[in-house]
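Structure assessment
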Amino acid sequence: MTNIPLEAEPIDYKGTEVKNKKTIYLDMDGVIVNFVKGVSFILADNDMHFNWTSMRRGHDLTLEESYDMAKMLGLTPSYFWKQIDKRPTFWDGLHSYPWMKELMDMLHKQGNVVLLSSPSMSPDCVRGKTEWIQRELGNYYREYIFCPAKHKLKLAGPDTLLIDDSTKNVNDFINAGGHALLFPQPWNTAYELVHEEYGEDHVYTQAVIDYMERQLDG
Ligand SMILES: [Mg+2]
């Protein structure tokens, strides 16, 4: 009887803070969590990742404007968020991107990684994100901060690095005194750089990991 495990073993992210190492704030949605696929499932007829550029041009949006998925879908922000927030299991049901583990392994070698995510207005969002973290990273993973985007800036400093898919968040963090890297996605210029270098297959994990590794070293 004593051999019955009471809880699942945590996976390898113990979240131990190493002194004198920089803090790497890692955005969730659009970096390790596939928010776009989840939204596409309820509001579009296909995964929007695969026709982002044609949709963006169809709506006459700049790269930066296309970060706003409500605009990409031609919906008002209130309708868009209502569709998400009325689904209590939306957030915990999201998939991770295929590069998540490799990216986190790489970042853990460089610093103390803390997930940094801005929740929606729905209380289900924080609950769902917590469930997602425990499922994907282990029941004991406690390295996360949930706060509205404007408060992310208060974490900016000479020893902090933000990795985020939003051009605005990256620029704001740098202007607030931190370091920041743009994570490549079809809604930003980092994606175009990866695309130029790796061609049509850029979405694959290796291209993304190689690109981020070089950004971190540079
Ligand atoms: Mg994001």
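Definitions and limits used
- In this numbering scheme, every chain counts its residues from 1 along its sequence in written order.
- Only residues with pLDDT of at least 70 are given local features in this predicted model, and only at 80 or more are side-chain atom pairs given and counted; all residues enter the totals for whole chains, interfaces and linings.
- Secondary structure elements are defined from DSSP: runs of H or I of at least 4 residues count as helices, runs of E of at least 2 residues count as strands, and each element is numbered from the N terminus.
- To sort residues by burial, count the other C-beta atoms lying within 10 Å of each one's C-beta; a count of 20 or more means buried, 12 or fewer means exposed, and anything in between means partly exposed. C-beta atoms are built from the backbone.
- We call two residues in contact if the C-beta atoms placed from their backbones are at most 7 Å apart.
- Criterion used throughout: strands pair if DSSP finds at least two bridges between them.
- Consider the strands pointing away from the viewer: the crossover is right-handed when the path from the first strand over the helix to the second runs clockwise.
- To obtain each axis, a line is fitted to C-alpha atoms, and for helices this fit is confined to the stretch in contact; angles are then taken between N-to-C directions over 0 to 180 degrees.
- What sets the label is the angle itself: under 35 degrees gives roughly parallel, over 145 gives roughly antiparallel, 65 to 115 gives roughly perpendicular, and the rest give oblique.
- What makes a crossing left-handed is the near helix being turned counterclockwise from the far one by less than a right angle; a clockwise turn instead makes it right-handed.
- Three residue categories are used. Nonpolar comprises Ala, Val, Leu, Ile, Met, Phe, Trp, Tyr, Cys and Pro, charged comprises Asp, Glu, Lys and Arg, and polar comprises the others, including Gly.
- Any set of buried Ala, Val, Leu, Ile, Met, Phe, Trp, Tyr and Cys residues joined through C-beta atoms within 7 Å is what this text calls a nonpolar core.
- Per residue, pLDDT measures the predictor's confidence, with a range of 0 to 100.

1. Things to note about the overall build of the protein
If you tally the helices and strands in the protein, you get 10 helices and five strands. When the 218 residues of the protein are sorted by exposure, 28% land in the buried category. Within the protein, contacts between residues at least 6 apart in sequence are counted, and of these 62% link residues at least 24 apart.

2. Quick word on the pairing of strand 4 (residues 160-164)
The buried fraction of strand 4 is high, at five of five residues. Alignment of strand 1 (residues 23-27) against strand 4, held across four bridges, turns out to be parallel. Counterpart to T23 in the pairing with strand 4 is T160. Judged from the four bridges that link them, strand 4 and strand 5 (residues 179-182) form a sheet pairing that is parallel. Its bridge partner lying in strand 5, I163 is registered against L181.

3. Some thoughts on the pairing of strand 2 (residues 112-117)
Within a regular strand, the side chains alternate between the two sheet faces. Note: strand 1 against strand 2, five bridges, orientation parallel. When the sheet's bridge partners are listed, D27 is paired in strand 2 with L116. Taken together, strand 2, helix 6 (residues 123-137) and strand 3 (residues 144-146) constitute a β-α-β crossover, and its handedness is right-handed.

4. What about the packing of helix 5 (residues 100-110) against helix 10 (residues 205-217)?
Closest axis-to-axis distance for the helix 5/helix 10 pair is 10 Å, and the angle between their directions is 15 degrees. Taken together, the axes of helix 5 and helix 10 lie roughly parallel to each other. Crossing handedness for the pair helix 5 and helix 10: right-handed. Two secondary-structure elements touch here, helix 5 through E102, L103, M106 and Q110 and helix 10 through T205, I209, M212, E213 and L216. Per-class residue counts for the contact of helix 5 with helix 10 are five nonpolar, two polar and two charged.

5. Observations concerning the sheet that holds strand 1
What the five strands build is an open sheet, ordered 3-2-1-4-5; its pairing is parallel. Strand pairing shows two members of the sheet lacking a second neighbour, strand 3 and strand 5, which therefore form its edges. The average undirected angle you get between the axes of adjacent strands in this sheet is 25 degrees. Sheet strands in contact with helix 8 (residues 167-175) are strand 4 and strand 5, and its direction is about 165 degrees off that of strand 5.

6. Description of unusual backbone geometry
One non-glycine residue, D60, lies in positive phi territory at about 55 degrees. For D60, the location among the structural elements is in the loop between helix 2 (52-58) and helix 3 (69-72). A tally of 8 C-beta atoms within 10 Å means that D60 is categorised as exposed.

7. Brief notes about the nonpolar core
Within the largest apolar cluster, 34 residues are counted, with the highest numbers of intra-cluster contacts made by L26, I32, L162 and I163. Elements with a contribution of two residues or more to this core: strand 1, strand 2, helix 6, strand 4, helix 8, strand 5, helix 9 (189-198) and helix 10. A total of four residues in this core trace back to one element, the largest contributor, which is helix 6. Apart from the residues within four sequence positions on either side, L162 is in contact with Y25, V170, F173, G178 and A180. One finds V39, M48, M69 and M72 within the second-largest nonpolar core, a separate group that totals five residues.

8. Things to note about the confidence of the model for the protein
Looking at the protein, pLDDT values average 90 and 89% of them are 70 or higher. The spread of mean pLDDT over the elements of the protein runs between helix 9, the lowest at 88, and strand 3, the highest at 98.

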